[in-house]
Amino acid sequence: MTGKRILAFLAHRLAIFAYVVFALFPLYWLLKVSVTPNKLLYSEGIRMWPSRTSFEHFEFVLRHSDFPVFFKNSLIVSGSTAVIVTALASLAGYALSRFGFRGKYWIVALMLLTQMFPLVMLVAPIFKMLSPLGLTNSLTGLILVYTAFNIPFATFLMQSFFDGIPKDLEEAAMIDGATQFVAFRQIILPLTLPGIAATLGFVFTAAWSELLFSLMLISGNDAATFPVGLLSFVSKFSVDFGQMMAAGVLALIPACLFFLLIQRYLVQGLTAGAVKG
Amino acid sequence: MASIDISAIRKSYGILPVLHGIDLEIRDGEFVVLVGPSGCGKSTLLRMIAGLEAVTSGEIRIDGKRVNDLAPKDRDIAMVFQSYALYPHMSVAKNMSYSLRLRKTPAEKIASVVAGAATKLGLDPLMERRPRALSGGQRQRVAMGRAIVREPKAFLFDEPLSNLDARLREQMRAEIKKLHQDLGATSIYVTHDQIEAMTLADRIVAMHGGIVQQVGSPLELYDNPANLFVAGFIGSPGMNFFEGRYMRSGETASFALTGGAVLPLPSTANLPDGSRATLGIRPEHVILGAEGPDAMLAKVDLVEPTGFGIIVHLTLGSVAFKAFTLDRRFLGMQGEVAVRLPVPNLHFFDEAGRKV
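Residues numbered from 1 in each chain as written. Chains lettered and ligands numbered in written order. Predicted model: local features only at pLDDT ≥ 70, side-chain atom pairs only at ≥ 80, totals over all residues. Heavy atoms only, no water.

1. Points about the overall build of chain A
- Scanning chain A from terminus to terminus reveals 13 helices and zero strands.
- Helices and strands in chain A line up, N terminus first, as α-α-α-α-α-α-α-α-α-α-α-α-α.
- Taking 2.2 N^0.38 as the reference for a compact globule, 277 residues should give roughly 19 Å; the C-alpha atoms of chain A span a radius of gyration of 23 Å, well beyond that estimate.
- The principal-axis extent of the C-alpha atoms belonging to chain A is close to 75 × 75 × 30 Å.
- For chain A, buried positions account for 41% of its 277 residues.
- Pairs at least 24 residues apart make up 71% of the contacts formed inside chain A by residues separated by at least 6 positions.
- Here chain A contributes 18 positive and 12 negative side-chain charges, whose respective centroids are spaced 7 Å apart. (Helix = DSSP H or I, 4+ residues; strand = E, 2+ residues; numbered from the N terminus. Rg over C-alpha atoms; globule rule 2.2 N^0.38 Å. Buried < 20%, exposed > 50% of the residue type's maximum accessible area, 1.4 Å probe, protein only. Contact = heavy atoms within 4.5 Å. Lys, Arg positive; Asp, Glu negative; His and termini not counted. Charge placed at Lys NZ, Arg CZ, Asp CG, Glu CD.)

Right, here's the structure in full:
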């Protein structure tokens, strides 16, 4: 019996380990290529780790490429999108969770509808709309588009967090002397922090790695975000894998930091609603 | 402290009416309990007084002032919720002082008032704890503390004890009553538990189907229920009912039970001869082991000892009923027993269920 249990335990751990290796292997490869000197990239064959490592790609990317600009642009676009979307989605989600109003059903239906179109279909019309407004080739335009695309899902996400908070709490606050808005700000919002963290994280990563609209709406290097910037390492005749991977590794850093920061809330947040909280 | 006047209050959700014209005057300092089964509209009425539900029609006055359109925060009432509704991210002290902080009360005043309430409720050692680190009874106390620090015009209680176990409920019930005696605050208390209603209330408002069935002191409702609903709802074990036909002959009358037995009545009730009616008697008034001409034989189905007394389940004809006795001789009872339904303890209800 105990032998069987040990076996089951080992199998369980082995399965998890295998999955983690599978999921992290591309990241490992990214790191490996980024520290492989150009000379060894093609000459050594397939090896798990190069015989000599160097940071020449990182140096090139940081010193001699436009990557710092892309990085800054991405940070501005993703950060702003995440903050704006989360703020708006909190308010909208609260309204959907707490208030009954005329047209609620249709608003929800409409928001769901926007999630059904493949984004490729929308590229041309959005370009046509933004162009006369001078919002193509600008970070503001990108923020606007990302915000619009992320709000419906973020709203539903926030709504589910608000649904998990008993209505009694804000009623008690209102009887204690708060207006509905004060009750929202002082009682409900602090309790939704895990939800807010989850929404922030979700929107930030979505905007951080978005390629399609960034590629279509931005033409110059000045306003390019890093996914577009990565493509600049692809030239007509060759792909500079070392530099591309180094840029990729650098691009991972803010996302990692961000998740490190919010992960305490995130674990709570993504499981909220599963149990009475 | 203040009086609360409710006149012709109606509430509908869309086309669904929930309250059908409620009139109620609550005097300053009175403890009124709204009691009734789930869905009778008692909580809705309380929430309308609190300002958490809109009034469809009618008028609510607190301290003479019409409050129909006032926000909850402007009504100066405090409420204790069934779920306690403590703010999970605030300590006990912060929970209790929240209303005072919203009103920009000076810090020294807040500190002294909160400390006073904490002492009164025995919460002193818990003030820095978060609600999740408290037991059910302690949470209940914090919820009460949050209400009393404000010295509001009225206290509203929405089934505050239903989440507690039986022993704690009994204890908190007594504490609430004592608190009311100390503070003398106008209180409205909603419950579906008729024992809570009986023990706490100055006056009970029995509700059913969105209509007030009877208003009166606990013993008035117990001794003289206005209709079948109140008779059946108040009291545990509940009143026994026998359907039958009322027969009048001159100065005397009798009641023919549906099962066949006939009960002679020395005096007449205000019922037409031959009309269908319901006879009610409380279990503790049923006399077991009776002798004499009006004793009837009932079949013993079940004996339930409660420790304090004994509940005996009986069948007379085809009608099941209960008797309650303190006499332990009946503990091992089997087969049949002679019972008597003493006339002074009988209640008669006409076909519409009204007491006659």
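The rest of the description comes next.
2. A short note on the domain arrangement of chain B
Residue and element names in this part refer to chain B.
- Each assigned domain of chain B is listed with its residue range as follows: domain 1 (4-233) and domain 2 (240-349).
- Contact with domain 1, which involves eight residues of that partner, is made by six residues of domain 2.
- Of the roughly 630 Å² buried between domain 1 and domain 2 on both sides combined, carbon and sulfur atoms contribute 61%.
- It is Y222, L228 and A231 in domain 1 that bury the most area against domain 2; as a group they hold 71% of the surface buried on that side.
- Between domain 1 and domain 2 we count zero salt bridges in total.
- The interface formed by domain 1 and domain 2 includes two residue pairs in polar contact (both at pLDDT 80 or more).
- Of all elements in the fold, only α7 (218-223) and α8 (228-233) reach the threshold of two or more residues within the side of domain 1 that touches domain 2. (Domains from an automatic or database assignment. Buried area = accessible area lost by both parts, 1.4 Å probe. Salt bridge = Lys/Arg side-chain N within 4 Å of Asp/Glu carboxyl O. Polar contact = N/O pair within 3.5 Å; in protein donor to acceptor, adjacent residues only side chain to side chain.)

3. Considering the sheet that holds strand β9 (residues 203-208) of chain B
Residues and elements named next belong to chain B.
- In spatial order, the strands read β6-β7-β8-β3-β9-β10; together these six strands make up an open sheet with mixed pairing. Unpaired on one side and paired on the other, β6 (77-80) and β10 (211-216) mark the two borders of the sheet. Strand after strand, the sheet turns through a mean of 15 degrees between neighbouring axes, direction not considered.
- Bridging between β6 and strand β7 (residues 154-158) involves four bridges; their strand directions are parallel. The residue bridging A78 from the neighbouring strand is F155, located in β7.
- Seen against the sheet, helix α4 (residues 136-148) touches β6 and β7 and runs at an angle of roughly 175 degrees to β6. (Pairing = 2+ DSSP bridges. Axes fitted to C-alpha atoms, helices over the stretch in contact; angles between N-to-C directions.)

4. Some points on the interface of chain A and chain B
- Contacts between chain A and chain B engage 16 residues on the former and 22 residues on the latter.
- It is E171(A), I175(A) and D176(A) in chain A that bury the most area against chain B; as a group they hold 40% of the surface buried on that side.
- Here chain A is connected to chain B by three salt bridges.
- Joining chain A to chain B, the criterion identifies 10 residue pairs in polar contact (both at pLDDT 80 or more).

5. Some words on the pattern of salt bridges
- Per the stated rule, a full pass over the model turns up 20 salt bridges over all chains.
- Between R47(B) and E53(B) there is a salt bridge whose closest N-O contact spans 3.1 Å.
- We classify E53(B) as buried; its relative accessible area is 18%.
- Note that K299(B) and D301(B) form a salt bridge whose closest N and O atoms lie 3.0 Å from each other.
- On the accessibility criterion, D301(B) (37% relative accessible area) is partly exposed.
- Beyond isolated ion pairs, a larger network of salt bridges with shared partners links E171(A), K11(B), R47(B) and E53(B).

6. What to know about a nonpolar patch on the surface
All names here are of chain A.
- Together, I16, Y19, V20, L24, L27 and L252 make up a nonpolar patch on the protein surface, roughly 520 Å² of accessible area in all.
- Ranked by the residues each element gives to the nonpolar patch, the list is headed by helix α1 (residues 2-34), at five residues.
- Residue classification places L27 among the partly exposed positions, given a relative accessible area of 39%. (Patch = residues over 30% accessible without salt bridge, like charges linked within 9 Å, V, L, I, M, F, W, Y side chains within 5 Å. Areas by Shrake-Rupley, 256 points an atom, 1.4 Å probe, with all protein chains shown as cover.)

7. Topic: helix α10 (residues 193-208) of chain A
- With 16 residues, α10(A) extends 22 Å from end C-alpha to end C-alpha; this agrees with the ideal 22 Å at 1.5 Å per step.
- Those residues of α10(A) that fall on the buried side of the exposure criterion are P194(A), G195(A), I196(A), A197(A), A198(A), T199(A), G201(A), V203(A), F204(A), A207(A) and W208(A). (Expected span 1.5 Å × (residues − 1).)

8. Quick notes on the side chain of T199(A)
All names here are of chain A.
- Checked against the element boundaries, T199 lands in helix α10.
- Residue T199 is classed as buried on the basis of its relative accessible area of 0%.
- Discounting chain neighbours no more than four positions away, the residues touching T199 are T86, A154, L157 and M158.

9. Quick word on unusual backbone geometry
- With an omega dihedral of -5 degrees, the bond running from S236(B) to P237(B) counts as a cis peptide bond.
- The topology assignment puts P237(B) in the loop between α8 and β11 (240-249).
- One non-glycine residue, N137(A), adopts positive backbone phi at about 60 degrees.
- Note that N137(A) resides in the loop between α6 (119-130) and α7 (139-163).
- The class of N137(A) is partly exposed, set by a relative accessible area of 36%.

10. Side note on empty space enclosed by the protein
- Under the definition given, this model contains three cavities of 30 Å³ or more.
- In this model, the largest cavity occupies a volume close to 100 Å³.
- In this structure, the largest cavity is lined by 13 residues; those nearest its centre are I148(B), F155(B), F157(B), L179(B) and L183(B).
- Breaking the lining of the largest cavity down by element, the ones donating at least two residues are α4, β7 and α5 (166-183) of chain B.
- It is α5(B) that provides the largest number of residues to the lining of the largest cavity, a total of four residues.
- Residues of the lining of the largest cavity, tallied by class, amount to 11 nonpolar, two polar and no charged.
- Estimated volume of the second largest cavity: approximately 60 Å³.
- Looking at the lining of the second largest cavity, the elements with two or more residues in it are α8 (167-176) of chain A together with β6 and α4 of chain B. (1 Å grid on protein atoms, 1.4 Å probe; cavity = no way out; pocket = protein on both sides within 12 Å on 5 of 7 lines; lining within 4 Å. Points joined across faces, edges and corners; volume = space filled by probe spheres on them. Nonpolar A, V, L, I, M, F, W, Y, C, P; charged D, E, K, R; others polar.)

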